[in-house]
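Okay, here's what each chain looks like letter by letter:
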Amino acid sequence: QVQLVESGGGLVQAGASLRLSCAASGRTFSSYAMGWFRQAPGKEREFVAAISGAGGSTRYADSVKGRFTISRDNAKNMVYLQMNSLKPEDTAVYYCAASLNFYTDAYDYWGQGTQVTVSS
């Protein structure tokens, strides 16, 4: 069982940066690939970024590539999403998720989400 708690969301202007954090419980954190997803009002949840258990591999949605960076600290059971050059279309609830499979978008555990609002 893995429990996830996101933090770091907020209201920012376009062009600003935010760093989201996700704290994970459990002693097998490094066994899990971690991902970030987001859901905007009226839209389906979409994949944003993922990182492998050891942190050596990452992948990103095309819409955030070059602007967002996912990272993790296995010693602290933490995963981060650094978001730069934010755009109004990045406005969404952002969710942290855990999976035993880095290449899947079907994750097993989810956090409660943190709101990110980007004003123009």
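Residues numbered from 1 in each chain as written. Predicted model: local features only at pLDDT ≥ 70, side-chain atom pairs only at ≥ 80, totals over all residues. Heavy atoms only, no water.

Describe the nonpolar core, listing the residues and the values that go with them.
It is characteristic of soluble globular proteins that their nonpolar side chains tend to be buried jointly. Within the largest apolar cluster, 36 residues are counted, with the highest numbers of intra-cluster contacts made by Met-34, Trp-36, Leu-81, Met-83 and Tyr-94. Ignoring anything within four residues of it in the chain, the contact list for Tyr-94 reads Glu-6, Leu-20, Trp-36, Phe-37, Arg-38, Val-48, Phe-68, Leu-81, Met-83, Gly-113, Thr-114 and Val-116. (Core = buried A, V, L, I, M, F, W, Y, C linked by side-chain atoms within 4.5 Å. Buried < 20%, exposed > 50% of the residue type's maximum accessible area, 1.4 Å probe, protein only. Contact = heavy atoms within 4.5 Å.)

Account for the side chain of Thr-114, naming residues and giving values.
By the element assignment, Thr-114 lies in strand β11 (residues 114–119). A distance of 3.2 Å separates a polar side-chain atom of Thr-114 from the backbone nitrogen of Gly-9. When sequence neighbours within four positions are dropped, the list of residues in contact with Thr-114 reads Glu-6, Ser-7, Gly-8, Gly-9, Leu-20, Ala-92, Val-93 and Tyr-94. (Helix = DSSP H or I, 4+ residues; strand = E, 2+ residues; numbered from the N terminus. Polar contact = N/O pair within 3.5 Å; in protein donor to acceptor, adjacent residues only side chain to side chain.)

Summarise the state of the cysteines; cite the residues concerned and give the values.
For the structure on display, the rule yields one disulfide. Put simply, Cys-22 and Cys-96 are joined by a disulfide, and their sulfur atoms are 2.1 Å apart. Disulfide Cys-22 to Cys-96: torsion about the S-S bond roughly -80 degrees, handedness left-handed. Highlighted residues: Cys-22 in strand β3 (residues 18–24) and Cys-96 in strand β9 (residues 92–99), separated in sequence by 74 residues. By the burial criterion, Cys-22 is buried, and Cys-96 matches it. (Disulfide = S-S within 2.5 Å.)

With reference to specific residues and values, describe the environment of Asp-62.
Counting through the fold element by element, Asp-62 comes out in the loop between β6 (58–60) and β7 (68–73). By relative accessible area, which is 68% here, Asp-62 ends up exposed. Between the C-alpha atom of Asp-62 and that of Phe-47, which follows or precedes it by 15 residues, the distance is 9.9 Å. Looking at Asp-62, its side chain comes within polar contact range of the side chain of Lys-65, at 3.1 Å.

Any details on the pairing of strand β8 (residues 78–83)? Residues and values, ideally.
Of all six residues in β8, five are buried; the element is thus mostly enclosed. Of the strand pairs in this sheet, β3 and β8 are connected by six bridges, and their pairing is antiparallel. Each residue of the ladder has a partner; that of Cys-22, found in β8, is Val-79. Alignment of β7 against β8, held across six bridges, turns out to be antiparallel. Across the sheet, the residue bridging to Ser-71 is Tyr-80, located in β8. Counting the residues in the hairpin turn of β7 and β8 gives four residues, including Asn-77, whose phi is positive at 55 degrees. (Pairing = 2+ DSSP bridges.)

Can you tell me about unusual backbone geometry, naming the residues and giving the values?
At Asn-77, a position not held by glycine, the phi torsion is positive, near 55 degrees. Among the secondary structure elements, Asn-77 is positioned in the loop between β7 and β8. You can call Asn-77 buried: its relative accessible area is 17%.

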